[in-house]
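# Remarks on the overall topology
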Amino acid sequence: MSKCSESRLSELIDLYEKLVFSICYKITGDYFIAEDLTQETFLSVFQKYDTFDGGNEKAWICRIATNKSIDYVRSAGHKGVPTEDDFFEGITEKRGSPEELCMEEEIKRGLKVSCESLKPPYDEIAKDYYLKEMSAVQIAKKRNANLKTIQTQIYRARDMLRKIYGREGTA
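Residues numbered from 1 in each chain as written. Predicted model: local features only at pLDDT ≥ 70, side-chain atom pairs only at ≥ 80, totals over all residues. Heavy atoms only, no water.

### As for the overall build of the protein chain
Selection criterion: Only DSSP runs of H or I covering at least 4 residues are called helices, and only runs of E covering at least 2 are called strands; the numbering of each starts at the N terminus. When a residue's accessible area, from a 1.4 Å probe over protein chains only, is under 20% of the maximum for its type it is buried; when over 50% it is exposed; and in between it is partly exposed. Residue contacts are defined here by distance: any two heavy atoms, one from each residue, within 4.5 Å place the two residues in contact. Here the open area of atoms and residues is found with the Shrake-Rupley method and a 1.4 Å probe, where only the protein chains shown may cover a residue.
Tallying secondary structure elements over the protein chain gives eight helices and zero strands in all. When the helices and strands of the protein chain are read in sequence order from the N terminus, they spell out α-α-α-α-α-α-α-α. Across the 171 residues in the protein chain, those meeting the buried criterion constitute 36%. Long-range pairs, those at least 24 residues apart, make up 58% of the contacts in the protein chain between residues at least 6 apart in sequence. Counting every atom, the protein chain has about 11100 Å² of accessible surface; 51% of that belongs to carbon and sulfur.

### Thoughts on the pattern of salt bridges
Definition in use: Within this document, salt bridges are pairs made up of a side-chain nitrogen of Lys or Arg and a carboxyl oxygen of Asp or Glu, the two lying within 4 Å of each other.
By the definition in use, this model includes five salt bridges. Between Lys112 and Glu116 there is a salt bridge, with its nearest N and O atoms 3.4 Å apart. Taken together, the residues span about one helical turn, with Lys112 and Glu116 both in helix H5 (residues 98-116) at a distance of four residues. According to the relative accessible area criterion, Glu116 is partly exposed, its value standing at 39%. In this structure, a network of salt bridges that share partners links the residues Asp128, Lys132 and Lys142.

And the structure:
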C-alpha cells in the first residue's frame, strides 16, 4: 500500500477523530492528554500507512490509539497511575477491544439511521427506547402519554425495525 497522502489523512481524521479521542480519553481520563494522543495517533497513521495490510482501517486506527494511550499511562513519567499489567489488562477487558468498540459504534449508527427512517411517532419512540435506553415508563412520562400506548408503540416500532433489518439481510 502506498504512503498516506495528506488528503487521505484529512479524510481519516474527519471519519475517526471523535472515536480516537474517546478511546484516548477513556483510557487516560485526561481531556488534554487525550487531545495530544489523538494527534499522535494520526501522526502514526500518516507515518505507518505503508505498513497497513489493507484490512479493517477503523480497527487498525483504534488499535494505534489504544496502544498509544496505554503506553502513556504506563510511562514512568506519568505519576499517580498504577503500572501493574493486571490493571491495564482489566481496562481493555472491561471496555472491550478496539475492534469491538468500533463494531458497537457502527451498529449504533446503523440503528439510529433505521430508527430515523420510521414514521412519527415511532421514530422518536424507537430512538428513546433503543438508543437512549429509556424504559416505557420514562418515555410515557416524557411524552405525557398513557403507558399502554407507549408500550404498543414500542412493540410496533420493534416490528418495523425487524422488517427493515430483514430486508437488509436478504439484499
